[in-house]
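Spelled out from the first residue to the last, the chains are:
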Amino acid sequence: MTIPRGPAIMLALGLVLLLDVLRVFLPSLITLFGRAGETPPELMGLYAAAWFILPFLALLAKPRHALLGGAAALVLTRILLQAGVSQLYVASAGVTAGLVFLYGCAHTVPRRAVPVGVMGGLSLSLIVHLLLDGVDLVWRDGLVPWPAVLCVCAAFLSLLRPPAAEVDLAPALTWFLLGPAMLLTGVAATGWAKPEDGPPALWQVIMGTGLIVLVLVAAGVRAVRPPSSPVFDLGAGVLLVLCAVTFLFESFTSAGALLILWLAFLLAGTVRPDRPGGRRPGVAVLGGGLVFFVGLFVYYAAYDMNLGFPNGLILIAVAVLVAVLTVVKALAGGSSAVQERAPGGWLPLAVAVLLVGLVTLGTPSAPPVRAKQGDTFTLIAYNIRMGYGLDGRLSLDRIGAWAAAQKPDVVLLSEVDRGWLLNGGHDDLARIARRLGMRYHFAPAADQVWGDALLTNLPVKQVHSHPLDAHDYPTGAQAQAVVLEVGGREVGIVNTHLQAPEGQAPEVAAIARALAAGRDADEAGHRAAGAGEQVRRPVILAGDLNTRPTDPAMEVLKAAGLSDPLTAFGDPPTSPADAPKERIDHVLLTKGLTAISAQAPRLPYSDHLPVLTTLRLTSVDQEG
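Residues numbered from 1 in each chain as written. Predicted model: local features only at pLDDT ≥ 70, side-chain atom pairs only at ≥ 80, totals over all residues. Heavy atoms only, no water.

A. Spotlight on the sheet that holds strand E8 (residues 489–496). With respect to topology, 5 strands assemble into an open sheet ordered E6-E7-E8-E9-E10, the strand pairing being mixed. Either end of the sheet is taken by a strand with one partner, and the two such strands are strand E6 (460–467) and strand E10 (585–589). Geometrically, the sheet is characterised by an average inter-axis angle of 15 degrees between neighbouring strands, direction not taken into account. Here 5 bridges tie strand E9 (residues 539–544) to E10, and the two strands are oriented antiparallel to one another. (Pairing = 2+ DSSP bridges. Helix = DSSP H or I, 4+ residues; strand = E, 2+ residues; numbered from the N terminus. Axes fitted to C-alpha atoms, helices over the stretch in contact; angles between N-to-C directions.)

Here's what the structure looks like:
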């Protein structure tokens, strides 16, 4: 039984275009439809749900018309997004168009082409995403991306040939599993914990991104041939759930990679020749799309509302759903005596090795540590909003270019995303660090891939992240305590993004006092300084404190010996970036430091403005 290559490639390219659109649609909900902490997540959820429910209108159309119309609309939206036209609404329409296209595919694509097209499309999309360093072509300006985008669209359209006669359709289960597969592979491919200190060594890149690429190639190849026994399905289902548990609670790259591989085995197993053909496969694929949406939305909504349980259970539940459905179907259908020779041999392995080589080719070497002479240094504190600007477009390169032009010695970043599917699955920190040519220290806050970071090439003597109490606010927060050297003298830095300032301000004030009294970074959160202890090293407390200069929380910080130097430089507001009215981003100083200059440049690369300061060490005696 041969695999119809044309329909399989058509389905794969359609999924590539749909996933391109999804990686624009999802962050646009936060950056364009919503506004940081002001738009209720329920409202964003209702808006997003509408575009996953609208495709059910395709039930009123002929499958052939749904296939052609959905494909044409998907291509049009992808081209308009590349042109930067009405990002939010075009991406929203593109999601609906892509699901309508899949509805048409469910009624027209031969069964043996489906698992290959599905896993091939998911794998191709994610591999290209990783090769592009997480910055998809849709976010790249100029003419360079256009040839590639137009070629993919043209190849996709050229393969749109719905069969004139009846075909053997894939089971509805196969199509239903597409939605859960998109969710699990999307999270597993980018949501694993990255090295906290960087840039990473070559072996870390190979064990991280390289391993994911290898498994994506293997998963695409494995989808060509179903396993020969339902017993294998049972084992694969159990392992899928175990890998999901390990990945979500330990963030192991290898667990995420194996999760993708077991998913490929299970998906392939649903199309054995002894299985009945499709019954209402179109409804099934649209229902799977709803599972993708609900699972994704609830999983990430946990960072804005208290679900009452760990959000990781959502993805584990999806993995259990996939495993149970496939295993029950396999045991009911019996074993299959039909086997095919999978495309094997050297070609898939050679492709995988080549792709891993391309991924690791751009691995930067660690910049050298550079001791700074003199007593002045430049510091930037910037809430980058996951790298998205006021126009909703990914602005990581613009942020990096602006920051590099300031020639900073220290850069402090808030809202750093290193792999959330919701935000497009990119590593903000690695991208900006490469632009700056700086080492970095990442401090996880909400989870292992979302938090704050410090970048510097100055000598770093100590660094430690202290979790802050939640105070009934669902998004986690931390205080990164750092001791570095400037001109041979120690300087303490507390880098934080307060989520519940009234409760967390006393905690970071205690950490700042302990650092100033000479405590080590890892002790600062546990051993507060005594009231009479003198300042032994100057300390900076900086970041998005969500605190106005007149708020009670600011009085707590001032009582800890911290002063606000920006009041002497015009007290510039930092939020919102398009019409700043209040200053909630700060660089606060203890004795031993004075500000030579301070400003909040008007930049459109986030919903906050950065705070750019030049600081001078004064007369604090480091020996006490």
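B. Fine view of the packing of aromatic side chains. Taken as a whole and assessed by the stated rule, the structure comprises 16 aromatic pairs. Arranged with centres 5.1 Å apart and planes meeting at 25 degrees, the rings of Phe52 and Phe293 form a pair that is stacked. Placement of the pair is Phe52 in helix H2 (residues 41–53) and Phe293 in helix H12 (residues 281–301), with a sequence separation of 241 residues. Here Phe52 falls in the buried class, since its relative accessible area comes to 2%. For Phe293, a relative accessible area of 11% puts it in the buried group. Three or more aromatic residues link up through ring pairs in this structure, and these residues are Phe25, Phe52, Phe292, Phe293 and Phe297. (Phe/Tyr/Trp six-rings, centres within 6.5 Å; stacked < 30°, edge-to-face > 60°. Buried < 20%, exposed > 50% of the residue type's maximum accessible area, 1.4 Å probe, protein only.)

C. A look at the side chain of Glu490. When you line up the elements, Glu490 lands in strand E8. A distance of 2.9 Å separates polar atoms of two side chains, one belonging to Glu490 and the other to Arg537. (Polar contact = N/O pair within 3.5 Å; in protein donor to acceptor, adjacent residues only side chain to side chain.)

D. Quick look at a nonpolar patch on the surface. A surface patch of nonpolar side chains, amounting to about 410 Å² of accessible area, comprises Leu131, Leu354, Leu358 and Leu361. Of all the elements, helix H14 (residues 346–361) adds the most residues to the nonpolar patch, at 3 residues. Within the fold, Leu358 resides in helix H14. (Patch = residues over 30% accessible without salt bridge, like charges linked within 9 Å, V, L, I, M, F, W, Y side chains within 5 Å. Areas by Shrake-Rupley, 256 points an atom, 1.4 Å probe, with all protein chains shown as cover. Salt bridge = Lys/Arg side-chain N within 4 Å of Asp/Glu carboxyl O.)

E. Representation of helix H3 (residues 63–82) in the model. With 20 residues, H3 ought to run about 28 Å at 1.5 Å a step, and its terminal C-alpha atoms sit 28 Å apart, in line with that. Along H3, the residues that are buried comprise Ala66, Leu67, Gly70, Ala71, Leu74, Val75, Thr77, Arg78, Leu81 and Gln82. Projection of H3 onto a plane perpendicular to its axis shows the buried side chains occupying an angular sector of 165 degrees, all on one side. Positive backbone phi, approximately 80 degrees, marks Gly84, located one or two places after H3. (Expected span 1.5 Å × (residues − 1). Arc of directions from axis to C-beta.)

F. Seen up close, the sheet that holds strand E11 (residues 593–599). Read across the open sheet, the 7 strands follow the order E1-E4-E5-E3-E2-E12-E11; overall the sheet is mixed. The strands lining the two open edges of the sheet, one partner per strand, are strand E1 (197–198) and E11. The sheet contact formed by E11 and strand E12 (residues 611–617) spans 6 bridges and is antiparallel. Within E12, the residue paired with Ala595 across the bridge is Leu615. Packing against the sheet, helix H16 (residues 428–436) makes contact with strand E3 (410–417), strand E4 (439–447) and strand E5 (450–456), and its axis sits at approximately 155 degrees to E3. (Contact = heavy atoms within 4.5 Å.)

G. Representation of the pattern of salt bridges. On inspection of all chains with the given rule, the structure shows 20 salt bridges. Across the pair Asp136 and Arg23 runs a salt bridge whose closest N-O atoms are separated by 2.8 Å. With Asp136 in the loop between helix H5 (114–131) and helix H6 (145–158) and Arg23 in helix H1 (residues 5–33), this pair connects stretches of sequence that are 113 residues apart. In this structure, Asp136 and Arg23 share a single accessibility class: buried. Where Asp427 meets Arg418, a salt bridge forms, and the shortest distance between an N and an O atom there is 2.9 Å. Each of Asp133, Asp397, Arg431, Arg434 and Arg435 takes part in salt bridges that share partners, so that together they form one network.

H. Structural detail: the nonpolar core. Formed by 148 residues in total, the largest nonpolar core has its most connected members in Phe25 and Trp175. Here this core gets 14 residues from one element, more than from any other, and that element is H1. In this structure Phe25 touches Tyr47, Ala48, Trp51, Phe52, Ala91, Ser92 and Val95, once residues within four positions along its chain are discounted. Judged by nonpolar contacts, the second largest core, of 26 residues, contains Ala479, Leu498, Ala512 and Ala560. (Core = buried A, V, L, I, M, F, W, Y, C linked by side-chain atoms within 4.5 Å.)

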